[in-house]
Amino acid sequence: MKIEDLTAFVAVIRLQSTRLAADELGLTQPAITRRVQNFEESLGIALLNRQTKPLKPTLMGNRVYQQCRHILREVDALTDLVAADSPPSGLLRLAVPQSLSESSLLPALKKLSSQFPEIQPRLSSGWGEELLLRVQSQELEAAVVLFPLSKQFPEGVENQPLGAVDLVVVGPKDPQALPQRLEDCYQRGWILNPQGCGFRAALQRALTEQGLPLLINLEAFGTTLQLSLIAEGRGLGLMPRALVEHHALRDQLELYALKDFAPRSQLWLIYPNVPASQIPAIDAFAAAIAEGLDLVEVHKSSPC
């Protein structure tokens, strides 16, 4: 029984595909198939139901999969014990929320490159639940996400709160009286991210509770594009206060302090079981994102 055979089997089950497992491990599909077959032969039992698509484990195969994950974590821990004092190096797959990607990715990349030149960062973005699933399946070494403070994370996903993020309704500069309540401004329509955005979901809930419709004028990605459209008077927006305060268009915008709508989100660092040597780089990544939102109190993560 070889560790590489266990690794191939776990990758096939996790990704439900020999092709994806081959891509992840840098092998050919036949090589992955051979390793899984070798593993089955060493145990004397079939672990995969090969009549299904995508591939599914048998009942015993699922139990073996869970045990293999535990074994591989222990192997990683053993490796970490030796390499803990080594500087972070190698591929590091990281992600941020789609709503923060424009403002956060470049500063985070610069910080990682300057502090940890041996790291090869691969940065991406997505919606919170999508990033959580990618962390859970170990497609990412870490992600910074926006969720409520009450968020319950699944087992196997380590999480560190990085600080509260105040959201604010944004409109164009207007000498007229500012709206005081959500019902005073909802008819002007909104410029928001597409479906999947937590900010949009929070606004939808608040409007629904008041019996008000969500009127979408435009769906658009990117802070600068949204704020440019808002400054032109094409609708209202909802985004982190810090992004607006630091933006070049700030003088053309008004921040509405509504009495019945002051949403707040929580910035989290989430990660699966990762090598201890990678923790300093992950912490630096989280710090770069938090600093861009004026969250300077960043809790250091610790290896699990």
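Bear in mind that the values here come from a model prediction, so they are computed numbers and not experimental data.

Peer 1: What should I look at first to understand the environment of R69 in this one?
Peer 2: With respect to the element layout, R69 can be found in helix α4 (residues 59-83). On the basis of relative accessibility, which here comes to 26%, the residue R69 falls in the partly exposed class. Between the C-alpha atom of R69 and that of A11, which follows or precedes it by 58 residues, the distance is 9.9 Å. Those residues in contact with R69, other than ones at most four positions away along the chain, are V10 and Q138.

Peer 1: Would you take a moment to explain the layout of surface pockets for this structure?
Peer 2: Once rolled over the atoms, a probe with the size of a water molecule shows which space is left empty. What the largest pocket holds in volume is close to 1,000 Å³. Along the walls of the largest pocket sit 34 residues, with R14, E24, R93, Q138 and E141 positioned nearest its centre. Where the lining of the largest pocket is concerned, the elements lending two or more residues are α1 (3-15), α2 (18-25), α4, β3 (90-97) and β4 (119-126). When residues of the lining of the largest pocket are assigned to their parent elements, the largest contribution, 8 residues, is made by α4. The residues that make up the lining of the largest pocket include at least three from each of domain 1 (3-82) and domain 2 (88-303).

Peer 1: Explain the packing of α2 against helix α3 (residues 29-43) here, please?
Peer 2: Packed helices, taken two at a time, are described by their axes: the angle between them and the distance between them. Orientation of α2 relative to α3, taken along the N-to-C sense of each, is 100°, at an axis distance of 8 Å. Classified by the interaxial angle, the pair formed by α2 and α3 is roughly perpendicular. Along the contact surface, α2 presents T18, R19, A21, A22 and L25, while α3 presents Q29, I32 and T33. Of the residues belonging to the contact of α2 with α3, the class tally is 4 nonpolar, 3 polar and 1 charged.

Peer 1: I would appreciate a short explanation of the pattern of salt bridges in the present structure.
Peer 2: Pairing of side chains with opposite charge becomes possible as their charged atoms draw close. By the definition in use, this model includes 13 salt bridges. The partner of E254 in a salt bridge is K173, and the shortest N-O contact between them spans 3.7 Å. Residue E254 is found in strand β10 (residues 253-256), and its partner K173 is found in the loop between β6 (158-172) and α7 (182-185); the two are separated by 81 residues along the sequence. A relative accessible area of 47% places K173 in the partly exposed class. When salt bridges that share partners are traced, they join R241, E245 and R250 into one network.

Peer 1: Would you mind showing me how to read the side chain of Q266 here?
Peer 2: One can find Q266 in strand β11 (residues 264-271). Overall, Q266 belongs to the buried group, its relative accessible area being 8%. Within the structure, the side chain of Q266 is placed 3.5 Å from the backbone oxygen of G163, a separation counted as a polar contact.

What counts as what
Residue indices follow the written sequence of each chain, beginning from 1 at its first position. pLDDT decides what is reported in this predicted model: residues at 70 or higher carry local features, side-chain atom pairs at 80 or more are listed and counted, and totals for whole chains, interfaces and linings draw on all residues regardless. In computing side-chain values, all of the structure's heavy atoms are included and hydrogens and water are not. Comment: elements are numbered from the N terminus, with helices defined as DSSP H or I runs of at least four residues and strands as E runs of at least two. Think of it in three bands: residues with accessible area under 20% of the maximum for their type are buried, residues over 50% are exposed, and the middle band is partly exposed, with areas taken using a 1.4 Å probe on protein chains only. Note on contacts: a residue pair is in contact if any heavy atoms of the two residues lie within 4.5 Å. A cavity, in this analysis, means grid points on a 1 Å lattice covering only the protein atoms where a 1.4 Å probe fits yet has no way out; a pocket is instead an open set bounded by protein on both sides within 12 Å along at least five of seven lines, and a residue lines either one if it has an atom within 4 Å of a point. Grid points are joined across faces, edges and corners, and a volume is the space filled by probe spheres set on the points. Reported domain spans reflect what an automatic or database domain assignment gives. Lines are fitted to the C-alpha atoms to define the axes, a helix being fitted only along its stretch in contact, and any angle between axes, read from their N-to-C directions, falls within 0 to 180 degrees. To sort the angles, those under 35 degrees are grouped as roughly parallel, those over 145 as roughly antiparallel, those from 65 to 115 as roughly perpendicular, and the leftovers as oblique. Classification convention: Asp, Glu, Lys, Arg as charged; Ala, Val, Leu, Ile, Met, Phe, Trp, Tyr, Cys, Pro as nonpolar; all other residues, Gly among them, as polar. Just to be clear on terms, a salt bridge is a Lys or Arg side-chain nitrogen sitting within 4 Å of an Asp or Glu carboxyl oxygen. Any pair of nitrogen or oxygen atoms within 3.5 Å is treated as a polar contact; in protein, a donor-acceptor pairing is required on top of that, and neighbouring residues in sequence qualify only through side-chain atoms on both sides.

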